[in-house]
Amino acid sequence: MEAPVRVRFAPSPTGYPHLGNVRTALFNWLFARHTGGTFILRIEDTDQARKVEGAVEIILNSLQWLGMDWDEGPFYQSQRLDMYREYVEKLVSEGKAYYCYCSSQRLDAMRQEQIRLKQPPGYDRHCRDLGHGKTSEADPAIAPVIRFKSPLEGRTAITDLIRGEVVFENSTLDDYVLLKSDGYPTYHLANIVDDHQMQISHVMRAEEWLSSTPRHVLLYEAFGWQPPRFAHLPMILGPDKSKLSKRHGATSIDEYRDRGYLPEAMINFLSLLGWSLDDKTEIMTRDEIVRNFTIERVSKTAAVFNLTKLDWMNGVYIRNLTQQEFSRRCLPFVERALPAEVKRPVDAEYLKKIAPLVQERAKLLSEVPSLVDFFFIDGLEYDDSLLQGKLEKGQAGEALEQALNALDNIREWNAGDLETAVRPLADGLGLKAGPFFGVLRVAVTGRTASPPLFETMEVLGRDRCMTRLQVALHRLQPDKK
Ligand code: GLU
């Protein structure tokens, strides 16, 4: 019987989680959910020097934001140091690993020499056969590291579930460090011990780790453990086909949240970075993806990150939200980005009426505040020339005056009645509806492009609209009482 599926996301908090990290998390999560397996979160925080303050928090928040719930963890490797030491000591006692007392000066000199002779880098195995406790140099003060005794010849083959068989020459592997002089394990040691202890069935991770895998397989062998199955996910490239980097857009996943991408759109988009259902389906719900996610459908070839596609997809998801939900999601963005003069907290009920007017147009939630700010601001700022548009000043003034009169008599302030009252005036003014409405639009919104005019006016309400129209009229005819 197949062992139950147990997968893990094992980020190192040496930076904020970027798209690639989150794609790895997602594929593991999808695989766990598809198979009814277990998704484990493990923080690989053994690199004290490169630790970034706040990174763990952002990792956890990002997973939560995207709805990737974990079943076990988070486990922290820094809290398991004794265990790694125990395991590595066992290897030393069996002659499979050894203490190395080489000073950093010696290692530096060795590296320089390798560069000079154009030799591949790697430890020269100076301490390999000295035996435990013996120093190779007369400096007992040096804190030793423990190195793995890599085989000097032969080959190590890996059967990768995505890439098939990959063979490595053992001669290319050096005696890498398992335990550092500060007592912390290296990534290789901690990763293998934990994957074994946590009974990980499948290791799904970025392709850049493929070259570490023969070391891992040999280490499993040294411990006498069965290695998990491996699946190395394809690289993600930028649109220019170079490795995805900061140049290609937001880096940390929380920047995407702050820019107003919806988590469900992100999940859909990320799932297609290296996986597909077929050649055509793009929009899929989380459940559909879970139902269909298999490793067989993960591609070997690199995925290309396309921001335009993400924006399009986000727009689709925004339009699919109910009006209520859209307005609820806009609220924090509006709260954050409206000018300081607008009273806080922002009136959520009022926003509920406004939001549907821009739902069709917004691709990002962060665009919403600038689309709706005129609903909140008193005293709009705009240039008089905008108001006039292509009309004569007199014509524009006349248009406003007639509109004001017609609106003054309106009983029900709703879009339909507003339009019925105002539209017929265009003919009498000798204007087309477009330029006529244009004057009104600038008067009530301060801009030439806005949501539909009469719906906008309905939501703005009678008082605001009448005041704005009067102010506009006064700007065109300052001398008129
Ligand atoms: N800590 C590694 C990382 O940051 C984990 C790699 C692996 O999954 O083995 O990506």
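Here we summarise the structure given alongside this text. Just so you know, the residues in each chain are numbered from 1, in the order the chain's sequence is written. This being a predicted model, a pLDDT of at least 70 is required before a residue's local features are given, and a value of 80 or more before pairs of side-chain atoms are given or counted; all residues contribute to the totals for chains, interfaces and linings. To obtain the side-chain values, all non-hydrogen atoms of the structure were included, while hydrogens and water were left out.

With respect to unusual backbone geometry
Applicable threshold: We count a stretch as a helix when DSSP gives it H or I for four or more residues in a row; a strand needs E for two or more, and each element gets its number in order from the N terminus. We call a residue buried when its accessible area falls under 20% of the maximum for its residue type, exposed when it is over 50%, and partly exposed in between, using a 1.4 Å probe and counting protein chains only.
Residues Gly73 and Pro74 are joined by a peptide bond in cis, for which omega reads 0°. With omega at -10°, the peptide bond leading from Arg344 into Pro345 counts as cis. Within the chain, Lys118 stands out as a residue other than glycine whose phi angle is a positive 55°. Mapped onto the elements of the fold, Lys118 is located in the loop between helix H4 (104-116) and strand S5 (145-148). Since its relative accessible area comes to 76%, Lys118 is described here as exposed. Backbone geometry places Gln199, a non-glycine residue, at a positive phi of 55°. Here Gln199 lies in the loop between helix H5 (187-197) and strand S9 (202-206).

Concerning the packing of aromatic side chains
To keep things clear, this is the line we draw: Pairing of aromatic rings covers Phe, Tyr and Trp, the last through its six-membered ring, and needs centres within 6.5 Å; plane angles under 30 degrees mean stacked, over 60 mean edge-to-face, and all others mean tilted.
For the structure on display, the rule yields 15 aromatic pairs. The interplanar angle of 85° and the centroid separation of 5.9 Å between the aromatic rings of Tyr87 and Phe223 together place this pair among those described as edge-to-face. Taken together, the residues span a long stretch of sequence, with Tyr87 in helix H3 (residues 81-93) and Phe223 in helix H6 (residues 213-223) at a distance of 136 residues. Phe223 sits in the buried class, given a relative accessible area of 7%. Ring plane angle 40° and centroid distance 5.7 Å describe the contact between Phe436 and Phe437, whose orientation is recorded as tilted. Among the aromatic residues, ring-to-ring pairing joins Tyr350, Phe374, Phe375 and Phe376 into one connected group.

Description of the site of the ligand
Selection rule: Distances are taken per atom, and a residue is near a molecule or strand as soon as one of its heavy atoms is within 4 Å of it. Definition of a polar contact: a pair of N or O atoms within 3.5 Å, with one able to donate and the other able to accept a hydrogen when the atoms are protein atoms, and with sequence-neighbouring residues admitted only if both atoms are side-chain atoms. We get accessible surface area from the Shrake-Rupley algorithm with a probe of 1.4 Å; when it comes to residues, only the shown protein chains can shield them.
Surveying the vicinity of the ligand reveals the residues Arg8, Ala10, Ser12, Glu44, Tyr187, Asn191, Arg205 and Trp209. Contacts to the ligand include Tyr187, whose side-chain N or O atom sits 2.8 Å from an oxygen atom. In the environment of the ligand, an oxygen atom lies 2.8 Å from a nitrogen or oxygen atom belonging to the side chain of Arg205. In the complex, 87% of the free accessible area of the ligand, which totals 290 Å², lies under the protein chains.

Overview of the environment of Thr281
Residue position: Thr281 is located in the loop between helix H8 (263-271) and helix H9 (286-292). On the basis of relative accessibility, which here comes to 27%, the residue Thr281 falls in the partly exposed class. For the pair Thr281 and Lys480, spaced 199 residues apart in the sequence, the C-alpha separation amounts to 62 Å.

Focus on the layout of surface pockets
Note the threshold: Residues are called lining when one of their atoms sits within 4 Å of a cavity or pocket point, these points coming from a 1 Å grid over the protein atoms alone, where a cavity is a set in which a 1.4 Å probe fits but cannot get out and a pocket is an open set with protein on both sides within 12 Å along at least five of seven lines. Grid points are joined across faces, edges and corners, and a volume is the space filled by probe spheres set on the points. Here the nonpolar group is Ala, Val, Leu, Ile, Met, Phe, Trp, Tyr, Cys and Pro; Asp, Glu, Lys and Arg are the charged ones; every other residue, Gly included, is treated as polar.
In this structure, the largest pocket occupies an estimated 1200 Å³ of space. Along the walls of the largest pocket sit 44 residues, with Thr14, His18, Asn21, Glu208 and Trp209 positioned nearest its centre. The greatest single-element share of the lining of the largest pocket, amounting to six residues, is contributed by helix H1 (residues 19-35). When its residues are assigned to classes, the lining of the largest pocket shows 17 nonpolar, 16 polar and 11 charged.

Notes on the nonpolar core
Selection rule: Only buried residues count toward a nonpolar core. Its members are Ala, Val, Leu, Ile, Met, Phe, Trp, Tyr and Cys residues joined through side-chain atoms within 4.5 Å. Contacts are assigned to residue pairs with any non-hydrogen atoms lying within 4.5 Å of each other.
Core analysis: the largest hydrophobic core is formed by 112 residues, its most contacted members being Phe326, Phe375, Phe376 and Phe436. The dominant element in this core, judged by the number of residues it contributes, is H1, at nine residues. Beyond its immediate sequence surroundings of up to four residues, Phe326 is in contact with Ile318, Leu321, Ala355, Val358, Gln359, Ala362, Leu365 and Val368. Within the second largest apolar cluster, 34 residues are counted, among which are Met83, Val92, Ala97 and Val217.

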